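Here is what each chain is made of, one letter per residue.
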Amino acid sequence: MTMTLSPHYDLDIQGMSCASCVGRVERALAAIEGVESVSVNLATGRAHLQLATAIPTATLITTVEQAGYKAQVAHTGDISTQGERHEQERIALTRQFVVALALTLPVFVMEMGSHLIPALHHWLMASLGQWNWIIQALLTTLVMFGPGRVFYRKGLPALLRMAPDMNSLVALGSLAAWGYSLVATFLPHTLPSGTVNVYFEAAAVIVTLILLGRLLEARARGRTSDAIARLIKLQPHTATRVVDGKPELVDLAVIRPGDNLLVRPGERIPLDGTLTSGNSFVDESMMTGEPMPVSKTAGAEVIGGTLNTSGAFNYRVTKTGKDTLLAQIIQLVEDAQNTKLPIQALVDQITRWFVPAVLVIAALTFVLWMLFGPEPALGLALVNTVAVLIIACPCAMGLATPTSIMVGTGRAANLGLLFRRGDALQTLADVKTIAFDKTGTLTLGQPQLTDFVVAPGIDQRELLALAAAAEQHSEHPIAQALVKAAAQDNITLGQLESFEAIPGYGLAAQVSGVQLHIGADRLLDHLGINLDAMREYAQSLAEEGKTPIYIARNHQLAAVMALSDTIKPGTAEALRALHKLGFQVAMISGDNKRTAQAIAKQLSIDLVIAEVLPEQKVAAIKQLRQEHGAIAYVGDGINDAPALAEADIGLAIGSGTDIAIESADVILVSGDIQGVPNSIALARATLRNIKQNLGWAFAYNIALIPLATGIAYPAFGVLLSPVLAAGAMALSSVFVVTNALRLRNWHPAKELSL
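Numbers given for residues are sequential positions, taken from 1 along each chain in its written order. The predicted nature of this model means local features are confined to residues of pLDDT at least 70 and side-chain atom pairs, given and counted, to a pLDDT of 80 or more, with totals for whole chains, interfaces and linings taken over all residues. Think of the side-chain values as coming from all heavy atoms in the structure, minus any hydrogens and water.

Per an unreviewed UniProt entry, the chain goes by the name P-type Cu(+) transporter and belongs to Cellvibrio mixtus. UniProt positions are given in the numbering used here, feature names are shortened, and annotations may be inferred rather than shown by experiment. You can read under Subcellular location (unreviewed entry) in the UniProt record for the chain the words "Cell membrane". Here the chain is described in UniProt, under the heading Sequence similarities (unreviewed entry), as follows: "Belongs to the cation transport ATPase (P-type) (TC 3.A.3) family. Type IB subfamily."

Right, dumping it as structure tokens:
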């Protein structure tokens with residue numbers, strides 16, 4: 001039976017070595033009918049596809065194989081397989097390098113030692129004579145077609161398909177040096193006088209140094225996925241299930257929602273659930289970035305993978321498998337790592353033509369040195385051509401962006417910052433204005449009733465009993481505040497007979513035969529109820545940062561009450577950090593203008609858009625974009641979905657349960673607003689790291705390719721040895737990956753203090 005692919009799918013690609021490989025695989029897969037888009041990541045070795053129609057797996061795998069690579073289905077979160085592959089690659093490269101080094105050292109000493117130490121040259125000639133070159137030929141041949149055969153097995157077929165890659169450049173360069181040296185050794189009479197020289201050490205050292213570079217690169221690249229590996233290791237393989245009061249140790253795969261699990265002190269919580277008995281403190285830092293353990297009592301939610309630090313407790317499992325928060329975090333991180341930033345588009349265009357351009361430059365180098373070079377022209381032409389082929393590997397270009405994204409998004413996950421898409425890093429780093437929803441984002445969303453002033457002739461307790469009855473079934477924060485106030489005063493609620501919510505305005509209800517309207521001034525204005533008697537008092541409440549709410553009884557103004565929502569701890573500090581980062585901060589609120597302005601003044605907010613109905617938030621964001629450019633929007637991720645989607649980048653603040661919000665680009669799992677400046681600072685640090693990598697990769701090639709052609713020889717007598725070219729090429733890739741790995745130690749405090 002043929003398996004078919006879902007709309008979003010990943011393939012593991014094996015055999016890619018440079019940016020040219022990435023482009024070739026992308027173009028091959030994109031040419032298949034039904035493939036909407038494809039993104040290939042050199043650092044992860046994965047192709048991420050979006051499909052318009054179901055396509056047989058075999059079709060895609062065959063297409064990749066026809067392009068010269070191997071492919072297999074990738075499984076999300078299967079970091080163990082990926083880790084094993086990295087380890088196997090590292091072991092194989094280590095073995096190849098050790099063998100190549102052992103064979104190359106004698107060649108290097110015999111040839112280069114002779115040039116540097118005249119006594120060694122005389123001893124070798126006296127002892128070995130012609131066998132000196134023959135031994136070098138034998139050892140170099142073993143290096144090339146032993147440990148180095150990978151370059152020829154992949155590079156030569158790619159060259160024949162007119163699709164050359166890095167392996168092709170290495171193969172051509174080393175074969176040219178080796179082949180010329182063989183002729184000089186065994187058929188010297190066929191070469192012009194003065195050109196009989198050997199370059200066995202160049203061919204052998206090229207292969208050895210590039211193998212060393214690949215080994216160092218593989219070791220470094222294996223560390224870029226550490227963040228996901230650590231997340232996966234959080235989940236234990238077994239759990240203690242309680243059945244009929246008896247605990248039993250079972251495999252996690254058999255646990256189902258509704259099962260009762262026991263967690264002892266020091267154990268990791270196996271799966272998501274709700275605590276039923278006992279209490280403890282749970283360390284959720286690896287999931288949310290929150291450093292302090294969180295108190296858990298009956299009814300509290302617990303997250304699979306977090307650490308129980310103190311007491312034992314029982315809890316009921318609510319989510320298993322891919323539905324758990326941990327699984328969704330891993331999915332989000334992998335998705336982000338498999339996407340490309342807009343900045344990568346330019347790199348892809350350049351690298352597509354880079355290797356063919358290098359072949360043309362190498363051919364021109366050979367021809368020009370043969371025509372205009374001094375004697376021995378043939379030897380100099382060969383050396384410089386080989387140097388061009390070796391120095392120009394586009395590995396660093398291909399690794400520059402994806403390695404930084406991998407490490408940056410992994411570090412973000414450790415801090416409780418989840419980038420749903422990798423390109424959100426660049427968007428977030430570029431915006432200059434950030435807008436916040438107020439309730440539940442800047443504030444706790446738990447307003448308290450602070451004032452309740454009734455009109456003459458109205459009994460306050462009676463009206464509160466009617467109002468609380470009208471609001472008792474609503475989950476709105478205002479409703480909860482009213483019901484809580486009535487309960488605190490031991491007021492018996494009236495009989496609710498009818499109820500109608502009026503979104504953005506308030507409500508209408510019939511309670512114990514009384515018609516009530518509760519809401520903002522716009523509701524009563526809309527109903528034609530005169531507010532003059534209490535408007536001035538309501539305005540004074542608003543100026544104190546409180547939210548005035550009116551109550552009309554039988555279409556007559558009965559009371560004005562005020563609710564005050566507490567600003568979230570750390571909000572002022574977070575907004576100060578945003579200002580320090582150069583952001584203009586805006587607030588979008590449904591409150592009246594005076595209340596909104598009072599809160600904005602407390603928090604030093606630059607722009608305020610008040611009295612906004614839920615459906616008007618999208619228009620407010622469009623207005624801000626028109627006036628101030630690209631906009632980031634921060635909301636609670638539930639009521640703000642349209643606004644999050646409309647913004648250039650949406651950040652959802654949640655408690656971990658909102659992780660699956662499709663409309664957000666970035667999710668702040670801990671719910672801490674400090675995550676906003678932290679995520680922006682990390683995005684900027686990652687983009688800065690990418691630019692450093694790209695700058696190095698391009699500068700390296702721009703500077704060294706001309707030097708390799710011998711352009712400096714006429715003026716300075718300087719030529720770039722193929723051996724040095726191989727070392728520099730290997731160093732460039734290692735530099736890029738090592739630079740990206742610096743992000744693993746990134747900390748927001750350091751960035752925000754700059």
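### Some remarks on the overall build of the chain
A run of H or I in DSSP becomes a helix once it reaches four residues, and a run of E becomes a strand once it reaches two; helices and strands are each numbered from the N terminus. If you tally the helices and strands in the chain, you get 28 helices and 26 strands. Surface accessibility follows the Shrake-Rupley procedure with a 1.4 Å probe radius. Residue values consider only the protein chains on display as shielding. Accessible area for the chain stands at about 32100 Å²; split by element, carbon and sulfur atoms hold 58% of it.

### Focus on the sheet that holds strand 9 (residues 280-283)
Ordered by their spatial adjacency, three strands build an open sheet running 10-9-12, and the pairing between neighbours is antiparallel. Each edge of the open sheet carries a strand with a single partner, namely strand 10 (294-296) and strand 12 (307-308). Think of it this way: DSSP has to see at least two bridges between two strands before they count as a pair. In this sheet, strand 12 lies alongside strand 9 in antiparallel orientation, the contact comprising two bridges. When the sheet's bridge partners are listed, Asp283 is paired in strand 12 with Leu307.

### A word on the pairing of strand 8 (residues 272-278)
Note: strand 8 against strand 13 (residues 313-319), six bridges, orientation antiparallel. Within strand 13, the residue paired with Ser277 across the bridge is Asn314. Bridge analysis of strand 8 against strand 11 (residues 301-302) gives two bridges, and the strand direction is antiparallel. The partner of Thr274 across the bridge, within strand 11, is Glu301.

### Overview of the UniProt feature "transmembrane region" (unreviewed entry) in the chain
Per the UniProt annotation, the sites labelled "transmembrane region" (unreviewed entry) are residues 97-117, 123-145, 166-186, 198-216, 353-372, 378-401, 694-713 and 719-741. Helix and strand shares over residues 198-216 are 89% and 0% respectively, and the end C-alpha atoms of the span are 30 Å apart. Structurally, residues 353-372 is divided into 100% helix and 0% strand, and its ends, taken at the C-alpha atoms, are 28 Å apart.

### Side note on a positive patch on the surface
For patches, a residue must show more than 30% relative accessible area and have no salt bridge; joins then use 9 Å for like charges and 5 Å for nonpolar side chains, namely Val, Leu, Ile, Met, Phe, Trp and Tyr. Whenever a carboxyl oxygen of Asp or Glu lies within 4 Å of a side-chain nitrogen of Lys or Arg, that contact is scored as a salt bridge. Positive charges come from Lys and Arg, negative ones from Asp and Glu, while His and the chain ends are left out of the count. Charge positions are represented by NZ for Lys, CZ for Arg, CG for Asp and CD for Glu. Residues Lys70, Arg149, Arg153 and Lys154 make up a contiguous surface patch of positive charge. No other element matches helix 6 (residues 149-160), which puts three residues into the positive patch.

### A closer look at the pattern of salt bridges
In this structure the tally under the stated criterion is 15 salt bridges. Close ionic contact of Asp12 with Arg46 constitutes a salt bridge, the shortest N to O distance being 3.0 Å. Within this pair, whereas Asp12 is found in strand 1 (residues 8-14), its partner Arg46 is found in strand 3 (residues 46-51), the two being separated by 34 residues in sequence. Both residues of the pair, Asp12 and Arg46, belong to the buried class. For Arg625, the salt bridge identified is with Glu646, shortest N-O distance 3.0 Å. Of the two residues, Arg625 is situated in helix 23 (residues 617-628) and Glu646 in helix 24 (residues 641-646); the sequence distance between them amounts to 21 residues. Salt bridges sharing common partners tie together Asp10, Asp12 and Arg46. Three exposure classes are used, based on accessible area relative to the maximum for each residue type with a 1.4 Å probe and protein chains only: buried under 20%, partly exposed in between, and exposed over 50%.

### Some points on the packing of helix 13 (residues 377-391) against helix 27 (residues 722-741)
Only C-alpha atoms enter the line fits that serve as axes; for helices the fit covers just the stretch in contact. Angles between N-to-C directions range over 0 to 180 degrees. Interaxial distance between helix 13 and helix 27 falls to 8 Å at its minimum, and their mutual angle equals 5°. When the interaxial angle is binned, helix 13 and helix 27 end up roughly parallel. Across the interface between the two elements, Val383, Val386, Ala387, Ile390 and Ile391 from helix 13 touch Pro722, Ala725, Ala726, Ala728 and Met729 from helix 27. A breakdown of the residues in the contact of helix 13 with helix 27 according to their chemical character gives 10 nonpolar, no polar and no charged. Here roughly perpendicular refers to angles of 65 to 115 degrees, roughly parallel to angles under 35, roughly antiparallel to angles over 145, and oblique to all remaining angles. By the convention used here, residues are in contact when the closest approach between their heavy atoms is within 4.5 Å. Only Asp, Glu, Lys and Arg are considered charged, only Ala, Val, Leu, Ile, Met, Phe, Trp, Tyr, Cys and Pro nonpolar, and every remaining residue, Gly among them, polar.

### Focus: the sheet that holds strand 14 (residues 417-419)
With mixed pairing, seven strands are arranged side by side in an open sheet as 14-26-25-24-15-22-23. Because the sheet does not close on itself, it has two edges, and the strands there are strand 14 and strand 23 (607-609). Pairs of neighbouring strands in the sheet enclose a mean axial angle of 20°, with direction left out of account.

### Digging into helix 13
Over its 15 residues, helix 13 runs 21 Å from end to end, which matches the ideal 21 Å to within 8%, given 1.5 Å per residue. When you tally the buried positions in helix 13, you get 15 out of 15 residues, the bulk of the element. One less than the number of residues in a helix, times 1.5 Å, gives the span that helix is expected to have.

### What about the nonpolar core?
The biggest cluster of nonpolar side chains holds 138 residues, and the ones touching the most others in it are Ile434, Phe436 and Val676. Here this core gets 14 residues from one element, more than from any other, and that element is helix 25 (residues 675-709). Ignoring any residue separated from it by four or fewer positions in sequence, one finds Ile434 in contact with Leu578, Phe583, Gln584, Val585, Ala586, Ala632, Val634, Val676 and Ile680. Take the buried residues of types Ala, Val, Leu, Ile, Met, Phe, Trp, Tyr and Cys, join any two whose side-chain atoms come within 4.5 Å, and each joined set is a nonpolar core. Counting 28 residues, the second largest nonpolar core, distinct from the first, contains Ile330, Ile609, Ala647 and Val669.

### Topic: the packing of aromatic side chains
Centres within 6.5 Å make a pair out of two Phe, Tyr or Trp rings, where for Trp the six-membered ring is used; the pair is then stacked when the planes are under 30 degrees apart, edge-to-face when over 60, and tilted otherwise. Per the counting criterion, the structure on display carries six aromatic pairs. Between Phe145 and Tyr152, the ring centres sit 5.4 Å apart and the planes meet at 35°, which makes this aromatic pair tilted. Classification of Phe145 by relative accessible area gives partly exposed; the value is 39%. Given a relative accessible area of 6%, Tyr152 falls into the buried group. Ring plane angle 25° and centroid distance 6.4 Å describe the contact between Trp696 and Tyr700, whose orientation is recorded as stacked. Remark: Tyr700 and Trp696 occur in helix 25; sequence separation between them is four residues, near one turn of the helix. Relative accessible area serves as the criterion here: at 5%, Tyr700 is assigned to the buried category.

### Focus on the side chain of Asn384
Here Asn384 is to be found in helix 13. Judged by relative accessible area, which is 0%, Asn384 ranks as buried. Beyond its immediate stretch of four places on either side in the chain, Asn384 contacts Thr365, Trp369, Ala708, Thr709, Gly710 and Leu719.

### Comments concerning unusual backbone geometry
Residue Pro376 is bonded to the preceding Glu375 through a cis peptide linkage, with omega at -5°. By secondary structure assignment, the location of Pro376 is in the loop between helix 12 (343-372) and helix 13. Positive phi, close to 50°, is recorded for Ser512, a residue that is not glycine. Within the fold, Ser512 resides in the loop between strand 18 (506-511) and strand 19 (514-519).

### Thoughts on the packing of helix 5 (residues 131-145) against helix 7 (residues 166-186)
At a closest axis distance of 10 Å, the pairing of helix 5 and helix 7 adopts a crossing angle of 155°. As far as their axial angle goes, helix 7 and helix 5 are roughly antiparallel. Crossing geometry of helix 5 relative to helix 7 is assigned as left-handed. For the pair helix 5 and helix 7, contact is made by Trp133, Ile134, Ala137, Thr140, Thr141, Met144 and Phe145 and by Ser174, Leu175, Trp178, Leu182, Ala184, Thr185 and Phe186, respectively. Residue composition of the contact of helix 5 with helix 7, grouped by class: 10 nonpolar, four polar and no charged. Handedness of each helix crossing follows the sense of rotation of the near helix against the far helix: counterclockwise by less than a right angle gives left-handed, clockwise gives right-handed.

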